[in-house]
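Okay, here's what each chain looks like letter by letter:
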Amino acid sequence: MYEGGRELRENARVTSEFKGDYQELVDEISELLGVPATLENRDFELIAFGAYDSEGDLDPSALDPVRTRSILTRRSTAAVRTWFEGFGITRAAAPVRIPPTPEAGVYRGRICLPVRHRGVVLGYVWLLDSEPGPTDAQLAAAMGVAGRIGALLADEAQAGAGLGRELRAVLVAEGGWQREMAVAELRTALGARADGPHTLLCAAPWPAAAPDDAPSPRTVPHATALCVLPWGAAGHSLAVLVRLRSTDTATPALTAAARLLKEAEEARSAAARGAGGRPAAGAAGSAGPVPAVQDCAVGVGEARTGLAELGAVWQEASAAARAALAEPRFGPVARWADIGPYRLLTALPPQASHDRAVAPLLTPAHHELARTAEVYLDHAGQAGRTATALGVHRQTLYYRLSRVEQLTGLDLDDGEDRLLLHMALKRARL
């Protein structure tokens, strides 16, 4: 057997409670047809990889670039997806043969078995084509197994959607008995998993057109449930309930956050291509240039045991995301514990930044003065360090600070005035 096969197969395993069933069914198809098979959902995210043992086992040449990437990263690029869908697999009810196309990174021909349930394609079983290849009778039997996979995918989608609805109900509840009832329902839905350590992630702004545009929980490591929530006036955020090994270990949450950033980037890229561009024909390995769009940040709430404090954890996660969007130094992933004064600033109402004294400084005409004041206060009022950070002469700095005092009526030698100004400037970023 190809020596990397065991490792590749292990990488393909998913964390869903359905993974064992999927693996057994994919292995059944591999044994039935005598060739290795892979199972992907309709978004080309890898679910299971079946390796077939025989004298003609997999060799490195079987793993062309497209297949290798799919197995190792558990997903394919949007360009690869577009290329394969061009063969009509989204509408097919029977096996589809796809010829090799080396220039697209597809060195071996494929047989695609559409996985359908009640007339809807939910995924694909992929086989490496060879001579003489499986018989019609073998393919018909494999399609029967694909039908069983379709029923399982439908069951999992329904279960995941249910958990997402329960999580959303908890996070949008106003509190009191409404939240207690929502938490009780989520606890019942999760069963024994509800009592373990959890945290919440907030990914925002999330590139969703509607509340049902959430990714599958299977694509996010350690995710138990997820849902889309409003963000700002017209945007969306993604809430993800992440299971932890302990309240002292944040690694699973950070791994999930990294995956969310990739999901958001790919979703934005796909949306940009759909709106203004199209991938080059046959270019399965390159997505081409993408217009600049607003980046996504992920906030991580503090870990808790059980579900009783999910409302508070969500406030922490969303506050951390807002801080990361306001202050790039926090990085695209920000933990509540690491955002310092923003733990207090994010709790202030929006009108808090509209202080009458500071308001004149926050107009576009005085942007440079506001920046000077903020850098000065960030450096504890040390003129030398501030001038160096701004790249200006000290006399220029003193002139700007005097203008700040004139505009605001505040005394920068007074500690409370400096505190008010600093808070207002930071809050305005949010």
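How each quantity is defined
Position labels on residues start from 1 in each chain and follow its written sequence. Where totals are concerned, whole chains, interfaces and linings use all residues; where local detail is concerned, this predicted model gives features only for residues with pLDDT of at least 70, and gives and counts side-chain atom pairs only at 80 or more. Only hydrogens and water are removed before side-chain values are computed, so all heavy atoms of the structure are retained for them. A run of DSSP states H or I qualifies as a helix once it reaches four residues; a run of E qualifies as a strand once it reaches two. Both are numbered from the N-terminal end. Three labels apply to residues, based on accessible area from a 1.4 Å probe with only protein chains included: buried if under 20% of the type maximum, exposed if over 50%, partly exposed otherwise in between. Two strands make a pair as long as DSSP finds a minimum of two bridges between them. Aromatic rings from Phe, Tyr and Trp, with only the six-membered ring used for Trp, were paired whenever their centres fell within 6.5 Å, and each pair was classed as stacked if the ring planes differed by under 30 degrees, edge-to-face if by over 60, and tilted otherwise. With axes taken as lines fitted to C-alpha atoms, and helix axes fitted only over the stretch in contact, angles between N-to-C directions fall between 0 and 180 degrees. Expected helix span is taken as 1.5 Å per residue step, with the number of steps being one fewer than the number of residues. Note on definitions: a residue-residue contact is assigned when non-hydrogen atoms from the two residues lie within 4.5 Å. Each polar contact in these results corresponds to two N or O atoms within 3.5 Å; when the atoms are within protein, one needs to be able to donate a hydrogen and the other to accept it, and residues that are neighboring in sequence are counted only if both atoms are side-chain atoms. The arc in question is the one traced by the directions running from the helix axis out to the C-beta atoms. Throughout, nonpolar core names a set of buried Ala, Val, Leu, Ile, Met, Phe, Trp, Tyr and Cys residues whose side chains join them through atoms within 4.5 Å.

**Quick notes on the environment of Gly34**
Relative to the assigned elements, Gly34 resides in the loop between helix 2 (19-33) and strand 1 (37-41). Separated by 104 residues in sequence, Gly34 and Gln138 have C-alpha atoms that sit 9.7 Å apart.

**Some details on the pairing of strand 1**
Put simply, side chains in a regular strand alternate between the two faces of the sheet. With respect to burial, strand 1 is a largely interior element, 5 of its 5 residues being buried. The side-chain alternation of strand 1 yields two buried faces, one formed by Ala37, Leu39 and Asn41 and the other by Thr38 and Glu40. Direction of pairing for strand 1 relative to strand 2 (residues 46-50): antiparallel, over a ladder of 4 bridges. Bridge pairing in strand 2 links Ala37 to Gly50. Hairpin connection between strand 1 and strand 2: a loop of 4 residues separates the two successive antiparallel strands, and Phe44 in this loop has a positive phi of roughly 65°.

**Some points on the packing of aromatic side chains**
Overall, the coordinates contain 8 aromatic pairs when judged by the stated rule. Taken together, a centroid distance of 5.5 Å and an interplanar angle of 55° make the contact between Phe44 and Tyr124 tilted. Taken together, the positions of Phe44 in the loop between strand 1 and strand 2 and Tyr124 in strand 5 (residues 120-128) put the pair 80 residues apart, joining distant regions of the chain. Between Trp83 and Phe84 the ring centres are 4.9 Å apart and the planes differ by 75°, which places this aromatic pair in the edge-to-face class. Each member of the pair Trp83 and Phe84 is classed as buried.

**Re the sheet that holds strand 2**
The strand order 2-1-5-4-3 describes an open sheet built from 5 strands, whose pairing is antiparallel. Only two strands of the sheet have a single partner each, and these edge strands are strand 2 and strand 3 (96-98). Pairs of neighbouring strands in the sheet enclose a mean axial angle of 25°, with direction left out of account. Both strand 4 (residues 110-117) and strand 5 contribute to a ladder of 8 bridges, which runs antiparallel. Counterpart to Pro114 in the pairing with strand 5 is Tyr124.

**Digging into helix 13 (residues 415-429)**
Taking 1.5 Å per residue as the helical rise, helix 13 with its 15 residues ought to reach 21 Å, and the 22 Å between its terminal C-alpha atoms agrees with that figure. The complete set of buried residues in helix 13 reads Leu421, Ala424, Leu425, Lys426 and Arg427. Those residues of helix 13 that are buried are in contact with helix 8 (310-326), helix 9 (342-345), helix 10 (367-378) and helix 12 (394-408). The residue sitting at the N-terminus of helix 13 and contributing the capping side-chain oxygen is Asp414; that oxygen lies 3.0 Å from the backbone nitrogen of Glu416.

**Describing helix 11 (residues 383-390)**
Looking only at helix 11, the buried set comprises Ala383, Thr386, Ala387 and Leu390. The buried residues of helix 11 occupy one face: seen down the axis, they fall within an arc of 100°. Positive backbone phi, approximately 75°, marks Gly391, located one or two places after helix 11.

**Overview of the nonpolar core**
Ranked by size, the top nonpolar core spans 25 residues in total, and within it Tyr22, Ile29, Leu39, Leu113, Val125, Leu127 and Ile149 carry the most contacts. Those elements that place two or more of their residues in this core are helix 2, strand 1, strand 2, strand 4, strand 5 and helix 5 (136-172). With sequence-adjacent residues up to four places away left out, Ile149 is seen in contact with Tyr22, Leu25, Ile29, Leu39, Val115 and Val125. Judged by nonpolar contacts, the second largest core, of 24 residues, contains Leu186, Ala194, Ala239 and Ala321.

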